[in-house]
Amino acid sequence: MTGEDTDNDAGPGTGKDAITGGSSRARRLRPLGGLLAAMAVALTGTRVSAVALPWFVLVTTGSATQTGLVAFCEMTPYVVVKALAGPLVDRTGPRVVSWSTDAVSAAAAGAIPLLHAAGLLSFPVLLALVAVIGAVRGPGDLAKEIMVPEAAERARVPLERATGLSGVTERLASTLGPAAGGFMVALLGPLTGLVLNAVCFALGSLIIAFALPRGMGHPADQAPAASGSGYWRRFGEGFAFLRGEPLLLTIIVMVGITNLLDAAFGTVLLPVWAERSGNGPTAIGLSNGVWSATAVAGSLVAAAVAHRMPRRVVFFAGFLLAGAPRFLVLASGAPMWAVLAVFAVSGAGGGFLNPILGAIAFERVPHALRGRVNALGDAMAWAGIPLGGLIAGAAVAWSGLAPVLLVAGAAYFLTTNLAALLPQWREMDRLRGRGAHESRAAEPVA
């Protein structure tokens, strides 16, 4: 970790001292650095698994449909549990939720290679373990996300820069994870990747539990009225807030459609293309690694200058580059060097998206509602992900790979470009620059 550990970080009542006390030069980088480190290792393991698990199913069953079913069984619990977990995260505190769910993920991921080695891993058992991983990953990811504004505030880092660094962390994990996963699967087999996934979840759990300052990640529901209200009342407050935010709802719907298409691409279309083109799992790792490497560069630029750039133009230009070109280049049968070139350009555009999305959400959602609103928003945006692999697997089995790639690429292009015409996007900059202090001061919606 970076930064220093002082008494200001020692307890729940000292957060304000850590933010306002001492020299103006002193930055409390330990909270932000520790949180980003935990996100990095957990996400890296997940990205390795995203290569290893589909390839394991594909080579052992030979079925694109069953490969899509595995993705469905992981992402459906992820979305459902994440949607319901918001009041629990606000009430229990994101730190406790994060380290405990990562520990369960580590145990479930480690059980897959162990049961396979013992000859006890039937397909239904695999689906059950994958469902457990998805169910606990949802609250764990949510808990880390909503600690970003607090970490930024403690580190005295602008919110848009903190979300940019969070995006860089995600992109770095998406660079190292798929590349390591592709080579690991090719050299050592897919189950080795699942072992690494379990190790990464365990390490992330330890970082959150022991490396962050003790006063960080406390429950948002601390007032007597809040703590006395029931689960469904708190859950309903998230819905009530979202109904009054047309920009957030528009973003959620658009991202929900693109997430479905991205899930179809990553879990089925890219692995099937790699197998049928003869490029093998290494091509999956290379393609995703190149995309993520340039996305890291894009996220770094966004972290440095995005707070001075017009959000709307950058946002839709990023989607234009990040979406349809990947589908179309695979459908064209282009050589590997051309595929990598297109993925590089797409990744650079994609790197600008999450910093903007994260900053908008944190600016507009009050601190006391972040768990509930982020959980509902993320779950709605991710609702199509479980169906992505399932639909893609069935479509490829019915009509072949190239037609599915062309239709999905066209759908991606139309979704992002037609959405740009809606008037809600003029709201993107209205609350720009409102930091965590102002968000905390906002009143919850009853």
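Residues numbered from 1 in each chain as written. Predicted model: local features only at pLDDT ≥ 70, side-chain atom pairs only at ≥ 80, totals over all residues. Heavy atoms only, no water.

A. Looking closely at the pattern of salt bridges. Following the criterion strictly, the structure yields five salt bridges and no others. Lys82 is the salt-bridge partner of Glu145, the closest N and O atoms lying 3.4 Å from each other. In this pair, Glu145 sits in helix H5 (residues 123–146) while Lys82 sits in helix H3 (residues 64–92), placing the two residues 63 residues apart along the sequence. According to the relative accessible area criterion, Glu145 is partly exposed, its value standing at 24%. (Salt bridge = Lys/Arg side-chain N within 4 Å of Asp/Glu carboxyl O. Helix = DSSP H or I, 4+ residues; strand = E, 2+ residues; numbered from the N terminus. Buried < 20%, exposed > 50% of the residue type's maximum accessible area, 1.4 Å probe, protein only.)

B. Representation of the nonpolar core within the structure. Counting residues in each nonpolar core, the largest one holds 59 residues, and the members touching the most others are Leu269, Trp273, Phe315, Phe327, Leu330 and Trp425. Top contributing element to this core by residue count: helix H11 (residues 246–277), with 15 residues. If we skip the residues at most four places from it in the chain, Trp425 touches Leu247, Thr250, Ile251, Met254, Arg312, Phe315, Phe316, Ala419 and Ala420. (Core = buried A, V, L, I, M, F, W, Y, C linked by side-chain atoms within 4.5 Å. Contact = heavy atoms within 4.5 Å.)

C. Structural context of the side chain of Lys82. For Lys82, a relative accessible area of 0% gives the class buried. If we ignore the near neighbours within four places in the chain, the residues touching Lys82 are Pro77, Gly138, Asp141, Leu142, Glu145, Ala375 and Asp378.

D. Spatial organisation of the packing of aromatic side chains. Considering all chains together, one arrives at five aromatic pairs under this definition. Here Phe327 and Tyr412 contribute two aromatic rings whose centre-to-centre distance is 5.9 Å and whose plane-to-plane angle is 50 degrees, an arrangement assigned as tilted. Highlighted residues: Phe327 in helix H14 (residues 324–331) and Tyr412 in helix H19 (residues 401–419), separated in sequence by 85 residues. The same class applies to Phe327 as to Tyr412, namely buried. Through a chain of ring-to-ring contacts, three or more aromatic side chains come together here, namely Phe265, Phe327, Phe343 and Tyr412. (Phe/Tyr/Trp six-rings, centres within 6.5 Å; stacked < 30°, edge-to-face > 60°.)

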